[in-house]
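In case you want the letters, here they are:
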Amino acid sequence: MREGDSRRWPARPGPAELTAAALAGDRRAVARLISLVEHESAALREVGALLAPHTGRARVVGLTGAPGVGKSTSTSALVGAYRAQGLRVGVLAIDPSSPFTGGALLGDRVRMVEHATDPGVFVRSLATRGSLGGLSWATPQALRVLDAAGFDIVLVETVGVGQAEVDIASLADTTLVLIAPGMGDGIQAAKAGIMEIADLLVVNKADRPGADHTCRDLAAAVRMSGSDSRADTAPGARDGWRPEVLRLEAVTGQGLPELVAAIGRHHAWLEESGELARRRLRRAGEEISQIALAGLRARLGALDDGGHLARLAEAVAEGRLDPYTAADTLLSELPRSRTVDS
């Protein structure tokens, strides 16, 4: 595949033409396919069927953490490191969007401007548009586009998250949780939530005061947890992966080679233990569930146009009906969806 391959398209390229161009490395086609995902185009089913045989090759690395820990700078540093190895890199950077207008300042793209002219790098910002969990609802399908288009590494940078936004763990092969010095003590590090999804704990801005203390707290929390990072205990699996604690100064690149090496070690463990296949199986199941739920919400919306939900809500509000019975009634009134063969 030629990096940044460009070709002449028909005046109005259809899904098949766009998909063929994306598979051949055309960056404009990749961008337009992701736009179809974001806009929930009716062509997505055709595109998905065309892309499916070409997916499953890219390594997916997720970066998450609280606002201000340096996720974008770290992502940009990793892009440079992987490009130095000759790998093609895709980036999906999730930005927060306004709950009122839906608009977003795509700041992640601003911080990665140094890679804008590199034909071996594709950066796409996705607005959350109300989605919780640190990701955009479009992220899994956008990831499929980049995977099929031949990117070796896909970096997924979440929006700034708190302790409970852990969706990235179901999407990434390797999850990096970034922490900055001074953002919590040992008790904070031991809390359940985002810390539990880490395959690698990265103390960024490690030149700041308190970095040593933060590293010690995290190492102690890992030891006390006594559990392995998201590893299944299936028979025959190798000993579970224990999260590593690493130091990084993303701005200067100090600690970057060690981080890249640690990501490589984790990927090797994933393959040897069989955990990679298990994680990707769970990812596929989650993706199917989300698409099914989206279809169910659409059908509920169509049903509400007839006033069914409003009448049930009125009955519940007046005490004539309990919400469980109302929900069962609503589900029973849903129109049957067409089968796959129809």
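Up top you'll find the structure we're talking about.
Residues numbered from 1 in each chain as written. Predicted model: local features only at pLDDT ≥ 70, side-chain atom pairs only at ≥ 80, totals over all residues. Heavy atoms only, no water.

## Describing the pattern of salt bridges
Counted by the stated rule, this structure contains 13 salt bridges. Here R265 makes a salt bridge to E244, at a shortest N to O gap of 2.7 Å. Linking R265 in helix α9 (residues 256-273) with E244 in strand β7 (residues 244-248), this pair joins segments that are 21 residues apart in sequence. (Salt bridge = Lys/Arg side-chain N within 4 Å of Asp/Glu carboxyl O. Helix = DSSP H or I, 4+ residues; strand = E, 2+ residues; numbered from the N terminus.)

## With respect to the packing of helix α1 (residues 15-23) against helix α3 (residues 44-51)
Running from N to C, α1 and α3 point in directions that differ by 35°, and their axes come no closer than 9 Å. Pair α1 / α3 crosses with right-handed handedness. On α3, the residues touching P15, A16, T19 and L23 of α1 are E46, V47, L50 and L51. In the contact of α1 with α3, the residues fall into 6 nonpolar, 1 polar and 1 charged. (Axes fitted to C-alpha atoms, helices over the stretch in contact; angles between N-to-C directions. Left-handed = near helix turned anticlockwise from the far one by under 90°. Contact = heavy atoms within 4.5 Å. Nonpolar A, V, L, I, M, F, W, Y, C, P; charged D, E, K, R; others polar.)

## Section: the packing of helix α4 (residues 71-84) against α9
Running from N to C, α4 and α9 point in directions that differ by 75°, and their axes come no closer than 10 Å. Taken as axis vectors, α4 and α9 run roughly perpendicular relative to one another. Contacts from A77, L78, A81 and Y82 in α4 reach L256, L259, V260 and I263 in α9. In the contact of α4 with α9, the residues fall into 8 nonpolar, no polar and no charged. (Parallel < 35°, antiparallel > 145°, perpendicular 65-115°, else oblique.)

## Examining the side chain of S273
Counting through the fold element by element, S273 comes out in helix α9. A polar contact of 2.8 Å, which involves the side chain of S273, links it to the backbone oxygen of W269. (Polar contact = N/O pair within 3.5 Å; in protein donor to acceptor, adjacent residues only side chain to side chain.)

## Describing unusual backbone geometry
Even without being a glycine, E40 presents a positive backbone phi close to 55°. Turning to its location among the elements, E40 is positioned in the loop between α2 (27-38) and α3. Residues other than glycine seldom take positive phi values, yet K205 does so here, at roughly 55°. Within the fold, K205 resides in the loop between β6 (200-204) and α8 (211-225).

## Brief notes about the pairing of β6
Among the 5 residues in β6, 5 count as buried, and that is most of the element. Here β6 shows no split at all, with L200, V202 and N204 on one side and L201 and V203 on the other all buried. When strand β5 (residues 174-179) meets β6, the two strands line up parallel, connected through 4 bridges. Within β6, the residue paired with L178 across the bridge is V202. One ladder, built from 5 bridges, connects β6 with β7; its direction is parallel. The residue of β7 that forms the bridge with N204 is L248. (Buried < 20%, exposed > 50% of the residue type's maximum accessible area, 1.4 Å probe, protein only. Pairing = 2+ DSSP bridges.)

## Quick word on the sheet that holds β6
Strand order across the open sheet formed by 7 strands is β3-β2-β4-β1-β5-β6-β7, with parallel pairing between neighbours. The open sheet terminates on both sides in strands that have one partner only, identified here as β3 (121-127) and β7. For this sheet, the mean angle separating the axes of adjacent strands, direction not counted, is 20°. With 7 bridges joining them, strand β2 (residues 89-95) and β3 adopt parallel strand pairing.

## Notes on α2
Between the first and last C-alpha of α2 there are 17 Å, a value that for 12 residues agrees with the 16 Å anticipated at 1.5 Å per step. Here the buried face of α2 lies against α1, α3, β3 and α6 (139-148). You can read the cap of α2 off the contacts: a side-chain oxygen lies 2.9 Å from the backbone nitrogen of R28, and it is on D26. (Expected span 1.5 Å × (residues − 1).)

## Some words on the side chain of D118
Mapped onto the secondary structure, D118 falls in the loop between α5 (107-111) and β3. A polar contact of 2.8 Å, which involves the side chain of D118, links it to the backbone nitrogen of G120. Sequence-distant contacts of D118, defined by excluding residues within four places in its chain, comprise R27 and R83.

## Brief notes about the environment of V177
Within the secondary structure, V177 sits in strand β5. For V177, a relative accessible area of 2% translates into the label buried. On a C-alpha basis, the gap between V177 and V69 in space is 9.7 Å, while along the polypeptide they are 108 residues apart.

## Here we look at the packing of aromatic side chains
All chains considered together, the criterion is met by 2 aromatic pairs. Residues F122 and F151 carry aromatic rings whose centres are separated by 6.3 Å and whose planes lie at 50° to one another, so their mutual orientation is tilted. Taken together, the residues span a long stretch of sequence, with F122 in strand β3 and F151 in the loop between α6 and β4 (153-157) at a distance of 29 residues. By the burial criterion, F122 is buried, and F151 matches it. Relative to W269, the ring of W241 lies with its centre 6.0 Å away and its plane at 40°, an arrangement referred to as tilted. (Phe/Tyr/Trp six-rings, centres within 6.5 Å; stacked < 30°, edge-to-face > 60°.)

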